[in-house]
Structures are given as C-alpha cells and as structure tokens.
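# Understanding the architecture of this molecule
Here's the letter readout for the chains.
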Amino acid sequence: MSDTRSDGELLRAITADADRRAFEELYRRYAPWLRARLRGRCADLGVVDDVVQETFLAVWRGTARYREEAGCADAAGWLWRIGSRRLVDALRGDGARGRLRQALARLRHRDEVSAEERVLAGVEHGDLAGALVRLSPELRAVLQATVIDGLTTREAAVLLGIPPGTVKTRAMRARKQLREALA
C-alpha cells in the first residue's frame, strides 16, 4: 500500500475516525491551493487566511459533509465551494469596507491575468477562447463567479460588490454575446 492516501481515504478517515494525521495531510495538500484561489478574489490576506482556517475547521468539525457517493468525489471542488461561500459570508459581514477592498484589489491587479483567465483563454472548442476574450472584464467576472465557481446570483453579487440584478443582467448579456460569437 502506498504511503500517500487518496483524497477520499483522507476524508473518510477524518469524518469516521477524527484522524488528525489525515486532516493534517489534507490541509497540507489543499490549504496553499485554496489560499491562492481565494487571494484572487480578496485583497485582504487576513480575511483570506481566516476563510481558509474556517473552511478546514468546518471539515474537521464535520459541519461540512463530504459525500463521495453523491457526486462530490472531487475534494478540491468541494473545498472550493466551502471556501468561496465562507468568503462571501466574510465579505458580506464587512459591508462597504469589503467592497472597497475588492474594488481596490481589482484596480491593483487589473493588468495581471488570473489562472482561471489563462485556462479560459486556452480552451480550444470552436472559437470559445476568442469569444471569451472578447467579453468585457465585467461580463467575464460574472461568468467566472457563476459558472466556474458555481456561486448563486446573490453570492456572486456580494463577491463582486454589485447588485444581484446587475449579476443577472451581465450573465444574460455574456450568454447572448457568446451565443452570437459561436453561431
């Protein structure tokens, strides 16, 4: 048997046996990745660190349930869903200060291409990559939050610092532009 356990084995050991070593291994495996992803969404490193900690506490305490048999076999995706929702909750609690920090972060990093944008630009199904690149940054941000990250309209609105109606409108415009570009 290998020394390295699968994600599923680690999660089963954590939930069934409160296995501290399994938890530590899962944390070492995914905390840096989760921190980097959340950092792309929030400029405040303190908030990001708190959200990573809260995410893994939810795993340890069992308040977040991993159900491999229910189609949640991807531990990274499962942890991302927990972390992104915790980030939304944290930003919602910050109110105007959180939105200001997010706006400043977007301005500071607007010339930097995120990992997600690089992946989207590299998609080679028809001219999807070109169509995505031609979308405005605002429309791409809404697609990323709602489609890639799987957030609800309300969660995306909090994350992006815009009203839910604006999220819906931008998502509709983005889909329309993509359909036209790919037709």
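In the block above lies the structure referred to throughout.
Below you will find a few notes about this structure.

Calculation rules
Within any chain, residue numbers begin from 1 and follow the written order of that chain's sequence. Residue-level local features of this predicted model are given only where pLDDT is at least 70; pairs of side-chain atoms are given and counted only at 80 or more, and the full residue set underlies all totals for whole chains, interfaces and linings. The basis for every side-chain value is the complete set of non-hydrogen atoms in the structure, without hydrogens or water. Secondary structure counts use DSSP, requiring at least four H or I residues in a row for a helix and at least two E residues in a row for a strand, with both numbered from the N terminus. Each residue is placed in one exposure class: buried if its accessible area under a 1.4 Å probe, protein chains only, is under 20% of its type's maximum, exposed if it is over 50%, and partly exposed if it falls in between. Pairs of residues are marked as contacts when any of their non-hydrogen atoms sit within 4.5 Å. A 1.4 Å probe and the Shrake-Rupley method give the accessible areas. Residues count as covered only by the protein chains that appear here. Salt bridge, as used here, is a side-chain nitrogen of Lys or Arg placed within 4 Å of a carboxyl oxygen of Asp or Glu. To qualify as a nonpolar core, a set must consist of buried Ala, Val, Leu, Ile, Met, Phe, Trp, Tyr and Cys residues joined through side-chain atoms within 4.5 Å. Two rings from Phe, Tyr or Trp (for Trp, the six-membered ring) form a pair when their centres are within 6.5 Å of each other. A pair whose planes differ by under 30 degrees is stacked, one over 60 is edge-to-face, and the rest are tilted.

What follows covers the overall build of the chain. Looking only at helices and strands, the chain has 10 helices and zero strands in total. For the chain, the sequential pattern of α-helices and β-strands runs α-α-α-α-α-α-α-α-α-α. Out of the 183 residues in the chain, the part that is buried amounts to 39%. If you take every contact in the chain between residues at least 6 apart in sequence, the share linking residues at least 24 apart comes to 57%. As displayed, the chain offers around 10800 Å² of accessible surface, 53% of which is attributable to carbon and sulfur atoms.

On inspection of all chains with the given rule, the structure shows seven salt bridges. Close ionic contact of Arg29 with Glu25 constitutes a salt bridge, the shortest N to O distance being 2.7 Å. In this pair, Arg29 and Glu25 both sit in helix α2 (residues 20-39), four residues apart, roughly one turn of the helix. Overall, the relative accessible area of 17% leaves Glu25 in the buried class. Its salt-bridge partner being Asp49, residue Arg35 comes within 2.8 Å of it at the nearest N-O pair.

This part covers the nonpolar core. Within the largest apolar cluster, 38 residues are counted, with the highest numbers of intra-cluster contacts made by Leu26, Leu38, Phe56, Val59 and Leu87. For this core, the elements supplying multiple residues, two or more each, are α1 (7-17), α2, α3 (45-61), α4 (75-94), α8 (137-148), α9 (153-160) and α10 (164-182). If one sorts the elements of this core by residue count, α4 sits on top with nine residues. Those residues in contact with Leu38, other than ones at most four positions away along the chain, are Val48, Val51, Val52, Trp80, Gly83, Ser84 and Leu87. If you look at the next biggest cluster of nonpolar residues, it comprises seven residues, including Ala131, Leu132, Leu139 and Leu178.

This part covers the environment of Thr153. Positionally, Thr153 belongs in helix α9. Between the C-alpha atoms of Thr153 and Thr166, which are 13 residues apart in sequence, the distance is 9.4 Å. Discounting chain neighbours no more than four positions away, the residues touching Thr153 are Pro164, Val167 and Lys168.

Turning our eyes to something else, we now look at the packing of aromatic side chains. With the rule as written, the count across this model stands at four aromatic pairs. Considering the side-chain rings of Phe23 and Phe56, the 6.3 Å spacing of their centres and the 75° angle between planes classify their relative orientation as edge-to-face. Of this pair, Phe23 sits in helix α2 while Phe56 is found in helix α3, placing the two residues 33 residues apart along the sequence. Grouping residues by exposure puts Phe23 and Phe56 together as buried. With a centroid separation of 4.9 Å and an interplanar angle of 70°, the aromatic rings of Tyr27 and Phe56 are classed as edge-to-face. One end of the pair, Tyr27, is in helix α2; the other, Phe56, is in helix α3, with 29 residues separating them in the sequence.

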